[in-house]
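As a plain string of letters, each chain reads:
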Amino acid sequence: MDLVHRPRRLRQTPALRRLTRETRLHPAELIAPLFVEAGRGIHTPLASMPGQFRFSVDTVVEEGKRLERLGVGGVILFGIPARKDARGASGWDPDGPVPQALAALKAACPGLVSMADVCLCEYTDHGHCGILHATARGATDVDNDATLPLLAQEAVCYARAGADVVAPSAMMDGQVAAIRAGLDAAGFRDTPILAYSAKSASAFYGPFRDAAGSTPGKGDRKGYQMDPANPREAVREALLDVEEGADAVMVKPAGPNLDWIRDIAEAVDVPVAAYQVSGEYASLHAAAERGWIDLDRAAYETLLGIRRAGATWILTYFAAHAAEAITSGRWDRV
Ligand code: PBG
């Protein structure tokens, strides 16, 4: 038969497919999340996140050098403090693991953008992302406005330690404006803010909370994290953050919210980041361990989908894996 249209003509060989490919991933746009705690020589595997570790300041520098050699764009640090309290005061302790690691990475890995997650949940004994006040609705309500200065203080602490970017993830209203004002007042006008703008109350954070020990003791995060059913609200959150001074905005989790990424990318003119979170990573690993999916191909496909949706920065635990697959040409030959 004389078919005029044969799209398969361009699919015949790996070389033709490579030439025809509309979307490409690059290590420079990947950001690796890293967990740091106090101590030395720590390289503890995380049970629910195969291939991921808890580091100390000395070992995180080695990991930073490895990621830098692989061409990965940046890292985002999460702290596991020695002490937790009701206010999360370890979050702005200059001797804490995150500020120490930021300073060490700045000196050892100048080619890597170092980011610091700004939130209280890793540092509070109750595990919520802000401080609590007792109200008629129960003791687990987070006091939005009382939390803002604490987040600003934490952001200033990280900027002072050498963070290239601070990334507030507490989902408090006005957190970007408060942090911008705090940074400016402390002389850090040039420290950019990557806002976790559209972060949903997700089932996919489970492995992270195990790793960081940040599962809320009582209640859940639905009073501050977004309802995953609300795409219009996601755009509103991103627009508000840009108005408050965000230099880049983020959607999280990435995979379940690809429409949010697309809608936000169309609505704002700053870089859009997406976070492929711990549960997305762990699910792919779990299925692969059972022999049900091919991990490498599944990682490629999920990252491609996030990129196609419109994210230019991708936070992913596959960052090192992906950078290796991209630079070796393996993901070109698919
Ligand atoms: C802190 C924070 C969380 C994640 C990133 N920043 C946990 C949460 O909101 O419970 C989750 C990241 C992941 O699951 O990989 N608020």
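Read on for an overview of the structure. (Residues numbered from 1 in each chain as written. Predicted model: local features only at pLDDT ≥ 70, side-chain atom pairs only at ≥ 80, totals over all residues. Heavy atoms only, no water.)

Some words on the nonpolar core
Burial of nonpolar side chains together is a common tendency in soluble globular proteins. Formed by 110 residues in total, the largest nonpolar core has its most connected members in Phe-35, Tyr-158, Val-166, Leu-183, Ile-261, Ile-264 and Trp-331. A total of nine residues in this core trace back to one element, the largest contributor, which is helix H4 (residues 144-161). Apart from residues lying up to four places away in sequence, Trp-331 is in contact with Arg-21, Leu-25, Asp-296, Ala-299, Tyr-300, Leu-303, His-321, Ala-322, Ala-325 and Ile-326. (Core = buried A, V, L, I, M, F, W, Y, C linked by side-chain atoms within 4.5 Å. Buried < 20%, exposed > 50% of the residue type's maximum accessible area, 1.4 Å probe, protein only. Helix = DSSP H or I, 4+ residues; strand = E, 2+ residues; numbered from the N terminus. Contact = heavy atoms within 4.5 Å.)

Comments concerning the packing of helix H7 (residues 231-244) against helix H8 (residues 258-267)
Close contact between H7 and H8 brings their axes to 9 Å; oriented N to C, the two are set at 40°. In terms of orientation, H7 lies oblique with respect to H8. The handedness of the crossing between H7 and H8 comes out as right-handed. Contacts from Pro-231, Ala-234, Val-235, Ala-238 and Leu-239 of H7 reach H8 at Asp-259, Trp-260, Asp-263, Ile-264 and Ala-267. Grouping the amino acids of the contact of H7 with H8 by side-chain chemistry returns eight nonpolar, no polar and two charged. (Axes fitted to C-alpha atoms, helices over the stretch in contact; angles between N-to-C directions. Parallel < 35°, antiparallel > 145°, perpendicular 65-115°, else oblique. Left-handed = near helix turned anticlockwise from the far one by under 90°. Nonpolar A, V, L, I, M, F, W, Y, C, P; charged D, E, K, R; others polar.)

Quick word on helix H11 (residues 319-327)
Inspection of H11 places Ala-319, Ala-320, Ala-322, Ala-323, Ala-325 and Ile-326 among the buried residues, and these make up the whole buried set. Those residues of H11 that are buried lie in contact with strand S1 (30-37), helix H2 (57-69), helix H10 (295-309) and strand S12 (313-316). One or two steps after H11, the chain reaches Gly-329, where phi turns positive at roughly 85°.

Observations regarding the pairing of strand S4 (residues 74-80)
With seven of its seven residues buried, S4 lies for the most part within the structure. Residues Gly-74, Ile-76, Phe-78 and Ile-80 of S4 are buried on one face, and the alternating residues Val-75, Leu-77 and Gly-79, pointing to the opposite face, are buried as well. Two elements, S1 and S4, share seven bridges in a ladder whose sense is parallel. In the sheet register, Glu-37 faces S4, and the bridge partner there is Ile-80. In terms of strand pairing, S4 meets strand S5 (residues 113-118) through four bridges, oriented parallel. (Pairing = 2+ DSSP bridges.)

Remarks on a positive patch on the surface
Among the surface-exposed residues, Arg-6, Arg-8, Arg-9 and Arg-11 lie close enough to one another that they form a single positively charged patch. Its location among the elements puts Arg-9 in the segment before helix H1 (14-20). For Arg-9, a relative accessible area of 42% gives the class partly exposed. (Patch = residues over 30% accessible without salt bridge, like charges linked within 9 Å, V, L, I, M, F, W, Y side chains within 5 Å. Areas by Shrake-Rupley, 256 points an atom, 1.4 Å probe, with all protein chains shown as cover. Salt bridge = Lys/Arg side-chain N within 4 Å of Asp/Glu carboxyl O. Lys, Arg positive; Asp, Glu negative; His and termini not counted. Charge placed at Lys NZ, Arg CZ, Asp CG, Glu CD.)

Digging into the site of the ligand
Neighbouring the ligand are 19 residues, the closest being Lys-199, Arg-209, Lys-252, Ser-278 and Tyr-317. Arg-221 places a polar side-chain atom, nitrogen or oxygen, 3.1 Å from an oxygen atom of the ligand. Between the ligand and Tyr-317, the relevant distance is 2.6 Å, taken from an oxygen atom to a side-chain nitrogen or oxygen of the residue. If the ligand stood free it would expose 400 Å²; the protein chains cover 100% of that surface. Listed by contribution, the elements that provide at least two residues to the shell around the ligand are strand S9 (194-199) and helix H6 (206-212). (Near = heavy atom within 4 Å. Polar contact = N/O pair within 3.5 Å; in protein donor to acceptor, adjacent residues only side chain to side chain.)

Section: the packing of helix H9 (residues 278-289) against H10
Across the interface, H9 lies against H10 with an axial gap of 9 Å and an inter-helix angle of 155°. Taken as axis vectors, H9 and H10 run roughly antiparallel relative to one another. Remark: the crossing between H9 and H10 carries right-handed chirality. Contacts between H9 and H10 involve Leu-284, His-285 and Ala-288 from the first element and Leu-295, Ala-298, Ala-299 and Thr-302 from the second. Split into classes, the residues belonging to the contact of H9 with H10 amount to five nonpolar, two polar and no charged.

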